[in-house]
Protein chains: 2
Amino acid sequence: MIKVAVDAMGGDNAPGEIVKGVVDAVSHREDIQVLLVGKEEAVKKELSRYTYPKKQVLLIPASEVIETEEPPVNAVRRKKDSSIVVGMNLVKSGEADAFVSAGSSGAILVGGQVIVGRLKGVERPPFGALIPTEKGVSLLLDSGANVDARPSHLVQFARMGSIYMEHVIGIARPRVGIVNIGAEEEKGNALVKETFPLLKECSDINFTGSIEAREIPHGGADVIVCEAFTGNVILKLYEGTGATLISMVKKGMMGSLRSKVGALLVKPALKETLKAFDASRYGGAPLLGLKGLVVKTHGSASAREVSNSIIQCVTFKEQKINEKIRESLEAKE
Amino acid sequence: MIKVAVDAMGGDNAPGEIVKGVVDAVSHREDIQVLLVGKEEAVKKELSRYTYPKKQVLLIPASEVIETEEPPVNAVRRKKDSSIVVGMNLVKSGEADAFVSAGSSGAILVGGQVIVGRLKGVERPPFGALIPTEKGVSLLLDSGANVDARPSHLVQFARMGSIYMEHVIGIARPRVGIVNIGAEEEKGNALVKETFPLLKECSDINFTGSIEAREIPHGGADVIVCEAFTGNVILKLYEGTGATLISMVKKGMMGSLRSKVGALLVKPALKETLKAFDASRYGGAPLLGLKGLVVKTHGSASAREVSNSIIQCVTFKEQKINEKIRESLEAKE
């Protein structure tokens, strides 16, 4: 039985979509118990809407909520009874194997490092986001934790990302690319130029060189390494461009009777195609390199994404990803 | 009569598509004369395929070609008779008002600064790329010239970009946004945090704050400011995601007979929609802040993009953009 603490109060659609996602996860998987952390009244009310295996959901009261706008360091220090702090403490004490939250990225990042703690040897835990591609899925990291990261951090991201893709997603010898603005080694900014030769030296990762942003949707690398400013820009633009294009295509098809009829006919096929390009089916972004598992889902996460994020924790735990990360980094010291 | 020098040898499709684009431009516009720079034999052969107003195309021989892989500083210094160097010299001497090339970005950047020269007060000339959005078009700069740029450079990009959008594209008081990973002022990397307050102080630009990458396709700002690493990643990902999604949608619709029939019906509407999202109709990226006009088009530029890039030079010249940039920067000294 895997125990997953879930932040019932985080994100734009809390607690409704979160609770719905939790119910969905435990209804599909007997091997998961959810510790649902949040305001008792509100969470109970949401839970009462559903029938589900009661023993698989435990309500853990937390009276406070950390808002997205709050400065994270202060918020984590002061709001001891917030759903994020309570959830992180469950992981720290070993009562939970993982914590899933759609709440403040900053608070999750701070709480993950301060409460759960970094694995020995990890300099900076990165957010690793799974992004859909033409060929399947790639891991983009760091997608939001460490802006202004240093070359040694990026090398660790490459190692941790490789382990994740190999053992959680099941891609043997995942190809690692560094985000760059040209294919040649001498291209790039100061950070990339310094990191490139370090990655080339790593015999334990399958470094395939620079990846230009246009190759990302084609699946040009399995592990895509960059600092978090670039990573977050990529993640947000990826989502934004997809959503805009799809809405434009839909609107365009409603323009004439002829195309409306056509739209009805192509709808099922189109839906299938776009599903393949929907990030939510892969669940959330794990904060890699911590002593426990902490997963951040989108602030706008739907029940489906919450459910997938919870289920994702099982593989992470079963494959002993943290042990593998620790061993891999220790071997390099 | 505007005189535009065009690099017949630059890009993947040279000289064929370039010459075709030149012929197209002069066939549509009586007020443009093209000085077509390149290998005499090859260019003549291509020109012989078309009927066009002969007086509007002048062949200027250049025996060398700078390849994309060549280190740009060396290439510009050594290949004095390359199409890029010859074309730049035509702008410098005043024989041409502008130079359009699909060749090596690095060589265009170096040549622009060394041969054409910067306007007084301009620290770093940025590439400004026009990108299509849901609402129309935005200018992304720097889209490729200055990685590791400094805050003062970004402020100049904002000024130059505002002038361009107002006078070339015709948007009054263009909204200027700085690319960031959150909406709040305290978000961002060191560069953004330092630049933000400087932009806020500029009374001559309409600074609207941070723009998250997901807002770019929605048209969240008219002028989108960032350093060139981020800018190039945005530009390439924008193009890559669009192309991938469109190809997936097309492929998806060919999956069943039902959707094939539907695809035939939606095709015209879809084509119209996607045309709105096609970057090539806006022409190339001007290198702003030089004593003349230098425009870089995609290495894979089609005849249509070449033609649009040439025509774009007319407005730039007529609106006296360089004079306006010079005045705007002088006023700030």
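What you are looking at is a predicted structure, and each value in this text was computed from that prediction instead of being measured.

What counts and how
- Every chain is numbered independently, its residues counted from 1 as its sequence is written.
- Key to labels: chains lettered from A, ligands numbered from 1, both in the order written.
- pLDDT decides what is reported in this predicted model: residues at 70 or higher carry local features, side-chain atom pairs at 80 or more are listed and counted, and totals for whole chains, interfaces and linings draw on all residues regardless.
- Remark: hydrogens and water are excluded; side-chain values derive from all non-hydrogen atoms of the structure.
- Here a helix means four or more residues in a row that DSSP labels H or I, a strand means two or more in a row labelled E, and each is numbered from the N terminus.
- For this measure, only C-alpha atoms enter the radius of gyration; the expected value for a globule follows 2.2 Å times N^0.38, where N is the number of residues.
- Only protein chains enter the calculation, and the probe is 1.4 Å; a residue is then buried if its accessible area is under 20% of its type maximum, exposed if over 50%, and partly exposed in between.
- Contact between two residues is taken to exist if any of their heavy atoms lie within 4.5 Å; hydrogens are not considered.
- Joining two parts hides part of their accessible area as seen by a 1.4 Å probe, and the buried area is that hidden amount summed over both.
- Within this document, salt bridges are pairs made up of a side-chain nitrogen of Lys or Arg and a carboxyl oxygen of Asp or Glu, the two lying within 4 Å of each other.
- Think of a polar contact as two N or O atoms within 3.5 Å of one another; within protein, one of them needs to be a possible hydrogen donor and the other a possible acceptor, and neighboring residues in sequence only count if both atoms come from side chains.
- Classes in brief: Ala, Val, Leu, Ile, Met, Phe, Trp, Tyr, Cys and Pro nonpolar; Asp, Glu, Lys and Arg charged; the others, Gly included, polar.
- An axis is simply a line fitted to the C-alpha atoms; with a helix, the fit covers only the stretch in contact. Between two such axes, the angle follows the N-to-C directions and lies from 0 to 180 degrees.
- For classification purposes, angles smaller than 35 degrees are called roughly parallel, those larger than 145 roughly antiparallel, those between 65 and 115 roughly perpendicular, and all remaining angles oblique.
- With the far helix as reference, a near helix turned anticlockwise by less than a right angle produces a left-handed crossing, and one turned clockwise produces a right-handed crossing.
- Strands pair, by our definition, only if DSSP identifies at least two bridges between them.
- Classification remark: right-handed applies to a crossover when, strands pointing away from the viewer, the course from the first strand over the helix to the second runs clockwise.
- Values of pLDDT, which run from 0 to 100, indicate the predictor's confidence residue by residue.
- Here the copies were fitted onto each other by least squares, based on C-alpha atoms from residues at pLDDT of at least 70 in both.
- Residue types Ala, Val, Leu, Ile, Met, Phe, Trp, Tyr and Cys, when buried and joined through side-chain atoms within 4.5 Å, form a set referred to as a nonpolar core.

1. Topic: the overall build of chain A
Along the backbone of chain A there are 11 helices and 11 strands. Here the C-alpha atoms of chain A give a radius of gyration of 20 Å, agreeing with the 20 Å that 2.2 N^0.38 yields for 333 residues. Its C-alpha atoms give chain A principal-axis dimensions of roughly 65 × 60 × 35 Å. In chain A, which comprises 333 residues, the share counted as buried stands at 59%. Sequence-distant contacts in chain A: of pairs separated by 6 or more residues, those separated by 24 or more amount to 71%.

2. Considering the interface of chain A and chain B
Size of an interface: often given as the accessible area lost when the parts come together. Contact with chain A, which involves 50 residues of that partner, is made by 50 residues of chain B. Interface area, chain A with chain B, both sides summed: about 4,800 Å², of which 74% is carbon and sulfur. Considering only the side of chain A, the residues that lose the most area to chain B are A:I181, A:F229 and A:L237, jointly responsible for 14% of the buried surface there. Applying the counting rule to chain A against chain B returns two salt bridges. Taken together, chain A and chain B are joined by 10 residue pairs in polar contact (both at pLDDT 80 or more). Contributions of two or more residues to the side of chain A that touches chain B are made by β7 (175–180), α7 (190–201), α8 (228–253) and α9 (257–276) of chain A. Among the elements that line the side of chain A that touches chain B, the one with the most residues is α8(A), at 19 residues. In terms of residue class, the side of chain A that touches chain B is built from 28 nonpolar, 15 polar and seven charged.

3. A closer look at the packing of helix α6 (residues 151–169) of chain A against α7(A)
Residues and elements named next belong to chain A. At a minimum axis distance of 9 Å, the contact between α6 and α7 shows a crossing angle of 50 degrees. Between α6 and α7, the crossing angle belongs to the class labelled oblique. Remark: the crossing between α6 and α7 carries right-handed chirality. Between α6 and α7, the residues in contact are P151, L154, V155 and A158 and L191, E194, T195, L198 and L199, respectively.

4. Thoughts on the pairing of strand β3 (residues 57–61) of chain A
Remark: a regular strand shows side chains that alternate across the two faces of the sheet. Residues and elements named next belong to chain A. In terms of strand pairing, strand β2 (residues 32–38) meets β3 through five bridges, oriented parallel. Among the inter-strand pairings, V37 is bridged to a residue of β3, identified as I60. On the question of chirality, the crossover connecting β2 to the parallel β3 by way of helix α2 (residues 40–47) is right-handed.

5. Quick notes on the confidence of the model for chain A
Looking at chain A as a whole, its pLDDT mean stands at 92, while 99% of the residues score no less than 70. Confidence estimates for the predicted assembly give a pTM of 0.91 and an ipTM of 0.89.

6. Thoughts on the relation of the copies chain A and chain B
When chain A is fitted to chain B, the residual RMSD is 0.0 Å, and the transformation amounts to a turn of 180 degrees plus an axial shift of 0.0 Å. The operation mapping one copy onto its partner corresponds to a two-fold rotation axis. Proximity to the rotation axis, assessed at the C-alpha, singles out A:G262 in chain A; its C-alpha lies 1.9 Å from the axis. Of the interface residues in chain A, 100% have counterparts in chain B that sit at the interface too, so the contact is made through matching surfaces.

7. A closer look at the sheet that holds strand β5 (residues 128–132) of chain B
All names here are of chain B. As summarised here, the arrangement of the five strands in space is β5-β6-β9-β7-β8, forming an open sheet in which the pairing is mixed. Either end of the sheet is taken by a strand with one partner, and the two such strands are β5 and β8 (206–212). The sheet shows a mean angle of 30 degrees between the axes of neighbouring strands, taken without regard to direction. Contacting β5, β6 (137–141), β7 (175–180) and β9 (223–225), helix α6 (residues 151–169) runs over the sheet at an angle of about 150 degrees to β6.

8. Description of the side chain of B:N180
Residues and elements named next belong to chain B. Of note, N180 is situated in strand β7. The class of N180 is buried, set by a relative accessible area of 2%. A distance of 3.5 Å separates a polar side-chain atom of N180 from the backbone nitrogen of G188.

9. Some remarks on the nonpolar core
Counting residues in hydrophobic clusters, the biggest one holds 232 residues, and the most contacted among them are A:L36, A:I310, B:L36 and B:I310. Residue contacts for A:L36: discarding those within four places in its chain leaves A:V6, A:A8, A:V19, A:V22, A:V43, A:L47, A:V57, A:L58, A:L59 and A:I60.

10. Looking at the pattern of salt bridges
Evaluation of the coordinates by the stated rule reveals 18 salt bridges over all chains. In this structure, the salt-bridge partner of B:K44 is B:E40, at a minimum N-O distance of 3.7 Å. Here B:K44 and its partner B:E40 are both found in helix α2 (residues 40–47), four residues apart, which amounts to about one turn of the helix. The partly exposed category is assigned to B:K44, whose relative accessible area is 48%. Judged by relative accessible area, B:E40 falls into the partly exposed class, the value being 39%. A salt bridge links B:K317 to B:D97; its shortest N-O distance comes to 3.1 Å. In this pair, B:K317 sits in helix α10 (residues 303–318) while B:D97 sits in the loop between α4 (83–92) and β4 (98–101), placing the two residues 220 residues apart along the sequence. A relative accessible area of 42% means that B:K317 is categorised as partly exposed. One continuous salt-bridge network, built from bridges that share partners, spans A:E212, A:R214 and B:K236.

11. Re the sheet that holds strand β3 (residues 57–61) of chain B
Residues and elements named next belong to chain B. Taking strand neighbours across the sheet as the criterion, the six strands line up as β3-β2-β1-β4-β11-β10 in an open arrangement whose pairing is mixed. Bordering the open sheet on either side are β3 and β10 (285–286), each of which pairs with just one other strand. Seen against the sheet, α2 touches β2 (32–38) and β3 and runs at an angle of roughly 160 degrees to β3.

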